Amino acid sequence: MSVHRLCLEALGIAPDLELATPLTFASAELVRQRAPKVVTAAETLDVATQVPIPGGLFDTHVFGPGTVIDAPTLVDDDPVKPRSQFARIALGMPIVQPLVFEHVPHAIVERAASGPLECAALLDDAEAYWNVIGALELGGHGALVMRELAVLPPDLRPLRRLDDHRVATSSLNELYRRVVELNVRLARVVESNAPSAILASQRRELHEALQPLFAELRAACGGASGLAAALHELDRQPVGAELTGKLYRADSVLFALGITRESDLNAGLREAAA
């Protein structure tokens, strides 16, 4: 199975979708290049002051000076200029790509040459999980192992101001908050040289928290059918062209899911080399 087809199946899209620009998995290097700053705090705003928490999910020092907490809803067909940038979460332990793990588990088993072990069993078997990660990386399939998680820019997951001046969050922000909390906890456990059973438990919790986050990200684009339609349109866009709200959302969600178009990958590698 080609990487492009594997990406499509992981997204829930029919694998026979033909695109001039194939899909591939975003490497850790590409995520660091496109999302240079790291989210270190799970909170959004200080409750008393309504000011973004330093290192948090709306910090201007992390997502850029154009970051606002209540960006207007994007209009699908209107051109859009991004106000904020990607940031990333440096994962406390490597995680097998959640979309592939959930939707195309046999691809993990085949590429890791791990025999008949079911993927579901990997979450309760710490040694097997590590063996699979090592086998994927040694076998040239390291892109299926996530070490960096791109965080969707704030203008695509805004908070909502209420009439009484309070601010309402969203399910997407809550899911990111949960992932950051678990990742901070995992990093501390790793630093403390905790027993392997505790490490495995914390890593499993983080892996399981990523699955609903990825499901919510896909839903933000209308699910598999919405992503497929957007990919068709993106495929026809000239490189560097200004995107509409719908295409900007889809392109950003794709990257937040750990998948990119090869044209974006090549552009990122060229910039890094320069």
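Residues numbered from 1 in each chain as written. Predicted model: local features only at pLDDT ≥ 70, side-chain atom pairs only at ≥ 80, totals over all residues. Heavy atoms only, no water.

A. Inspection of the confidence of the model for the protein chain at higher detail. For the protein chain, per-residue confidence averages 89 on the pLDDT scale, and 93% of positions sit at 70 or higher. This model gives residues 266–274 a pLDDT under 50, and the stretch forms four contacts once residues within four places in sequence are excluded. (pLDDT = per-residue confidence, 0-100. Contact = heavy atoms within 4.5 Å.)

B. Highlighting the pairing of strand 2 (residues 87–96). Of all 10 residues that make up strand 2, eight are buried, and the element is covered over most of its length. Looking at chain direction, strand 2 and strand 3 (residues 145–151) are connected through six bridges and run antiparallel. Paired with Val-96 across the strands is Val-145, a residue of strand 3. (Buried < 20%, exposed > 50% of the residue type's maximum accessible area, 1.4 Å probe, protein only. Helix = DSSP H or I, 4+ residues; strand = E, 2+ residues; numbered from the N terminus. Pairing = 2+ DSSP bridges.)

C. Broad picture of the packing of helix 9 (residues 196–220) against helix 11 (residues 245–256). Running from N to C, helix 9 and helix 11 point in directions that differ by 165°, and their axes come no closer than 9 Å. In terms of their interaxial angle, helix 9 and helix 11 are classed as roughly antiparallel. Helix-helix and strand crossings are classified by hand; for helix 9 and helix 11 the assignment is left-handed. Of the residues in helix 11, those in contact with Phe-214, Leu-217, Arg-218 and Ala-220 of helix 9 are Arg-249, Val-253 and Ala-256. Its residues assigned to classes, the contact of helix 9 with helix 11 comprises five nonpolar, no polar and two charged. (Axes fitted to C-alpha atoms, helices over the stretch in contact; angles between N-to-C directions. Parallel < 35°, antiparallel > 145°, perpendicular 65-115°, else oblique. Left-handed = near helix turned anticlockwise from the far one by under 90°. Nonpolar A, V, L, I, M, F, W, Y, C, P; charged D, E, K, R; others polar.)

D. A look at helix 5 (residues 105–112). Among the residues of helix 5, those classed as buried are Ala-107, Ile-108, Val-109, Arg-111 and Ala-112. Where helix 5 terminates, the next one or two residues include Ala-113, which has phi positive at roughly 50°.

E. Highlighting the pattern of salt bridges. Tallied over the entire structure, the rule returns 14 salt bridges. With a shortest N-O distance of 2.8 Å, Glu-148 and Arg-32 are connected by a salt bridge. In this pair, Glu-148 sits in strand 3 while Arg-32 sits in helix 2 (residues 28–34), placing the two residues 116 residues apart along the sequence. Taking relative accessible area as the criterion, Glu-148 reaches 8% and is therefore assigned buried. On the basis of relative accessibility, which here comes to 34%, the residue Arg-32 falls in the partly exposed class. (Salt bridge = Lys/Arg side-chain N within 4 Å of Asp/Glu carboxyl O.)

F. Broad picture of the packing of aromatic side chains. What the rule picks out here adds up to one aromatic pair. Here Phe-86 and Phe-255 contribute two aromatic rings whose centre-to-centre distance is 5.1 Å and whose plane-to-plane angle is 80°, an arrangement assigned as edge-to-face. One end of the pair, Phe-86, is in the loop between helix 3 (60–63) and strand 2; the other, Phe-255, is in helix 11, and 169 residues separate them in sequence. One exposure class covers both Phe-86 and Phe-255, and it is buried. It is Arg-157 that lies over the ring of Phe-63; its NZ or CZ is 5.1 Å from the centre. Positioned above the aromatic ring of Tyr-129 is the side chain of Arg-203, whose terminal nitrogen or guanidinium carbon lies 3.7 Å from the ring centre. (Phe/Tyr/Trp six-rings, centres within 6.5 Å; stacked < 30°, edge-to-face > 60°. Lys NZ or Arg CZ within 6 Å of the ring centre and 35° of its normal.)

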